[in-house]
Amino acid sequence: MQAVRFFLTLIVISLAGSTGSAYAQVDVGVSLGEEGLRGFYLGVGEYFRVPEREVIIIKEKHVIREKHIHVEEMPVVYLIAQKARVKPEYVIDLRRRGKSWMDITIHYGLSPEIYYVYLPSTVRVGPPYGKAYGHYKKKPKKEWNAIVLDDDDVINLVNLKFVSEHYGHPAVEVVMLRSKGKDFVVIHQEVRTVKGGKGAEFAEHRNDDHPGKGRGQEKGKGHQKDKD
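Residues numbered from 1 in each chain as written. Predicted model: local features only at pLDDT ≥ 70, side-chain atom pairs only at ≥ 80, totals over all residues. Heavy atoms only, no water.

Enquirer: Residue-level account of the overall build of the protein chain, with values.
Expert: Within the protein chain one finds 13 helices and 0 strands. Its helices and strands in sequence order give the protein chain the pattern α-α-α-α-α-α-α-α-α-α-α-α-α, from N to C terminus. Of all intrachain contacts in the protein chain linking residues separated by at least 6 positions in sequence, the fraction that spans at least 24 positions is 69%. Carbon and sulfur atoms form 52% of the exposed surface of the protein chain, whose accessible area is close to 11,600 Å². (Helix = DSSP H or I, 4+ residues; strand = E, 2+ residues; numbered from the N terminus. Contact = heavy atoms within 4.5 Å. Areas by Shrake-Rupley, 256 points an atom, 1.4 Å probe, with all protein chains shown as cover.)

Here it is as structure tokens:
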């Protein structure tokens, strides 16, 4: 186990040197245990209905070897790919070129609405969610296209959506765990344990948004832009 932790420490040090995101700063001893990481990737595959093998291949190449994507950005890659109906590799390529998550969102003609997770109006939302929810509250829904989120906002919101929806866990409780400084590998592991390792039934609207649907058959807006 010490050898595993040492190896994972080297990975995180490399990540910290290759990205300015706060998500490169992870407590390896607590957050990146082998079981926790594997469970996180398994959960991502389950939620987005993609083969575990595909998730592992992308993880090995872009998270560990080439360091284009941080572990907590994996759900963002798959959500955008799902909504834009493109391969995850296209999304990763844009990220590799230095695009922000909002740049990539706009590139595919998507709205920041895809990141929104409902919270009761009675809930007082503080860091790290306060700023993002402030944007949504200040504008009527018809103007949400004009919202600009930073990278950390997008990562926090997408992981909130992933964990709460996949396990049918109250979003408010996930927000509370995040506000305590826990990263999403840890949060995912805690929620997954509470739910007995079983994800909730997939929402009907996600069934039609499988990121692999139409590959090689449909040439939508996202495919055309990736050729530019």
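Moving on, there is more to tell.
Enquirer: Describe the nonpolar core, listing the residues and the values that go with them.
Expert: Where a protein is soluble and globular, its nonpolar side chains tend to be buried together. In this structure, Ile80, Val91, Trp101, Tyr108, Tyr115 and Leu149 are the most contacted members of the largest nonpolar core, which totals 56 residues. With sequence-adjacent residues up to four places away left out, Ile80 is seen in contact with Val91, Trp101, Ile104, Thr105, Tyr108, Leu110 and Tyr115. (Core = buried A, V, L, I, M, F, W, Y, C linked by side-chain atoms within 4.5 Å. Buried < 20%, exposed > 50% of the residue type's maximum accessible area, 1.4 Å probe, protein only.)

Enquirer: Break down the environment of Leu110 for me, with residues and values.
Expert: Residue placement: Leu110 occurs in the loop between α7 (101-107) and α8 (130-138). A residue is classified by how much of its surface remains accessible, and Leu110, at 17% relative accessible area, is buried. Distance in space between the C-alpha atoms of Leu110 and Asn145 is 8.3 Å, their sequence separation being 35 residues. When near neighbours in sequence (up to four residues on either side) are disregarded, Leu110 contacts Ile80, Lys83, Ala84 and Thr105.

Enquirer: Can you break down the environment of Glu143 residue by residue, with the values?
Expert: For Glu143, the position within the fold is in the loop between α8 and α9 (151-167). By relative accessible area, which is 38% here, Glu143 ends up partly exposed. Note: C-alpha distance between Glu143 and Ser111 (32 residues apart in sequence) is 9.8 Å.

Enquirer: I'd like a rundown of the packing of helix α5 (residues 74-84) against helix α6 (residues 88-96), residues and numbers included.
Expert: Between α5 and α6, the shortest axis-to-axis distance is 8 Å and the interhelical angle comes to 120°. As summarised for this structure, α5 and α6 are arranged oblique, according to the angle between their axes. Considering only the axes of α5 and α6, their crossing is right-handed. Contacts between α5 and α6 involve Val77, Tyr78, Ile80 and Ala81 from the first element and Pro88, Val91 and Ile92 from the second. Here the residues of the contact of α5 with α6 sort into 7 nonpolar, no polar and no charged. (Axes fitted to C-alpha atoms, helices over the stretch in contact; angles between N-to-C directions. Parallel < 35°, antiparallel > 145°, perpendicular 65-115°, else oblique. Left-handed = near helix turned anticlockwise from the far one by under 90°. Nonpolar A, V, L, I, M, F, W, Y, C, P; charged D, E, K, R; others polar.)

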